[in-house]
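# Examining the three-dimensional arrangement
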Amino acid sequence: MIALTLAEIAAAIGGELVDGAPEQVVDGSVETDSRLVAAGSVFFALLGEETDGHRFVPNAVQAGAALVVTERAVALPDGTAAAQVVVSDGYAALAALAHEVVARVRASSADRTDEQGRPAPLRVVGITGSNGKTSTKNMLRTILEQHGATVAPQGSFNNHVGAPVSMLRVTHDTRFLVVEMGASGTGHIAKLVWIAEPDVGVVLKVGLAHAGEFGGIEATQRAKSEMVTDLPATATALLNVDDDRVASMRAITDARVVGFGTSAGADYRIAGIETDRSGTRFTLTAPPVPHEAAADHEGGTSPVPETVDVRLAILGEHHAMNASAALTVAHLWGVPLAAGAEALASMTRAERWRMELLQGGPEGVTVINDAYNASPDSMAAALRTLAQIVRPGERSVAVLGEMAELGEFSTEEHDTIGRLVVRLNIGQLVVVGPGAAPIHQAATLEGSWDGESVYIEDVDAAVHALQEMVRPGDVVLVKSSKSAELRFLGDRLGGVTE
Ligand SMILES: Nc1ncnc2c1ncn2[C@@H]1O[C@H](COP(=O)(O)OP(=O)(O)OP(=O)(O)O)[C@@H](O)[C@H]1O
Ligand SMILES: [Mg+2]
């Protein structure tokens, strides 16, 4: 964290400094997990669903925490010393500190210029959507880190803890801050927008991911729209115009709107998407002059529409959308499309277990491990990709587990996937676990299918069955929510031993 005095921290988070000198400066990492605390860290004791962080205050202090933020004063172990600020709500305090730190870095960088003398203030982007947030965040990080110090969360740190903790890693040298903003209910994204005050807010898609928690797609749409409703007129809302629910958010934001997608109305237009086993190709065309929405465009601009051929080593048409969002944000900030595309070409995967191509298993078997999470949209996108990349004479095999968090929509959505498997004429379906059983039932009830389906009760049995079943020339998609644990099956089948 940037250097702040205890008095400044206490003021920012509305807490009371019960131990420590007000003028003492703290500049260590901010942690909510005492195991990650190092000398000089700030430890937030949060009251979680499963455990109370206050229990770990002594461990944090022993590990060298300079400051602990608590909801009730905690006596420190004998012989140790740390400052302590007591607040009424640890989560709110974490948010407030992240807000303060990002605002300070923004202010201190306002007049900064790069080596060429061009403005180079801190730029912040928030990314939300039902699918593709982490993929887009990783793509954007890959592009932006070639143009300035970039802070982006590891993995999928996108909630009320992970997002502010990631944001607290900005320093006065940070040029770009990329924040994944997830939600499992109303008000979550609004809070993250308040903390980060994004210059660009991206909405990728409104789908049924986590729909059980939201209570349906309309509620999901409302939650995702919080990304744009609080943006000021000086910010940019980047909307996927191919998704009507996202495109309609144009009407509810003061921000300038830039659209991307394959639709005719897109400012940044995707065309010619092709996908095969080597990856995904498409063209992206930027408007001829910076779109009026891109008032903060800092780089050179082209008087003619700039078109770039994008080649991703990442499988699946759906990643064209994510890559285009990433290229567009970078372009709004002055990175030429060609430079962005070159950076993306170096990526071999969007993230571990996202459409990850594995070929280290049995000779001639290709595995696509996409079993980090699953929603109806991402399941359908993965199955379509499987159908597209299989070559004549090869067999497509879909190993599917439960899509979690769908609540009352669960049976119907699994049923739909079963019918899609048939429609795409997948060669072999392997359904794993009771939660996914409706996929098997729906597929076997469809008459018009040449393929076969088997239902297997658990992952271990599925590993054995698949080891018997696969043969050279098979392309095997492994897809489920994280809780169904199929990603390890995918790794074993694909020969990953790490
Ligand atoms: N535009 C898209 N449409 C459908 N599926 C997608 C799209 N983009 C990514 N996916 C798929 O969705 C899954 C999750 O991708 P990713 O982790 O990038 O999303 P996320 O929004 O960060 O998810 P989470 O809500 O778990 O954080 C992967 O299987 C990925 O291939
Ligand atoms: Mg994510």
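In the block above lies the structure referred to throughout.
These remarks concern the structure in this document. Small disclaimer: the values here were computed from a predicted structure and weren't measured.

### A look at the sheet that holds strand 18 (residues 366-369)
Spatially, six strands are ordered 17-18-22-19-20-21 in an open sheet, and the strand pairing comes out mixed. Where the open sheet ends on each side, the last strands, each with one partner, are strand 17 (356-358) and strand 21 (452-456). In this sheet, adjacent strand axes meet at a mean angle of 15° when their direction is disregarded. Pairing geometry for strand 18 and strand 22 (residues 474-479), over four bridges, is parallel. Pairing of Ile 368 across the sheet is with Leu 477, part of strand 22. Contacting strand 19 (395-400), strand 20 (428-432), strand 21 and strand 22, helix 15 (residues 459-469) crosses the sheet at an angle of about 160° to strand 20.

### A few points about the packing of helix 13 (residues 410-423) against helix 14 (residues 437-445)
Packing of helix 13 against helix 14 leaves a shortest axis separation of 7 Å and a crossing angle of 45°. Taken together, the axis directions place helix 13 and helix 14 in an arrangement best described as oblique. For the crossing formed where helix 13 meets helix 14, the hand is right-handed. The residues of helix 14 that touch helix 13, namely those facing Thr 411, His 414, Asp 415, Ile 417, Gly 418, Arg 419 and Val 422, are Pro 438, Ile 439, Ala 442 and Ala 443. By residue class, the composition of the contact of helix 13 with helix 14 is six nonpolar, three polar and two charged.

### Digging into the pattern of salt bridges
With the rule as written, the count across this model stands at 19 salt bridges. Across the pair Arg 118 and Asp 114 runs a salt bridge whose closest N-O atoms are separated by 3.0 Å. Overall, the relative accessible area of 24% leaves Asp 114 in the partly exposed class. The closest approach of N and O atoms between Asp 474 and Arg 395, which form a salt bridge, is 2.8 Å. Pair noted here: Asp 474 is in strand 22 and Arg 395 is in strand 19, with a separation of 79 residues, a long-range link. Exposure class is identical for Asp 474 and Arg 395. Each is buried.

Cut-offs applied
Residues numbered from 1 in each chain as written. Chains lettered and ligands numbered in written order. Predicted model: local features only at pLDDT ≥ 70, side-chain atom pairs only at ≥ 80, totals over all residues. Heavy atoms only, no water. Pairing = 2+ DSSP bridges. Helix = DSSP H or I, 4+ residues; strand = E, 2+ residues; numbered from the N terminus. Axes fitted to C-alpha atoms, helices over the stretch in contact; angles between N-to-C directions. Contact = heavy atoms within 4.5 Å. Parallel < 35°, antiparallel > 145°, perpendicular 65-115°, else oblique. Left-handed = near helix turned anticlockwise from the far one by under 90°. Nonpolar A, V, L, I, M, F, W, Y, C, P; charged D, E, K, R; others polar. Salt bridge = Lys/Arg side-chain N within 4 Å of Asp/Glu carboxyl O. Buried < 20%, exposed > 50% of the residue type's maximum accessible area, 1.4 Å probe, protein only.

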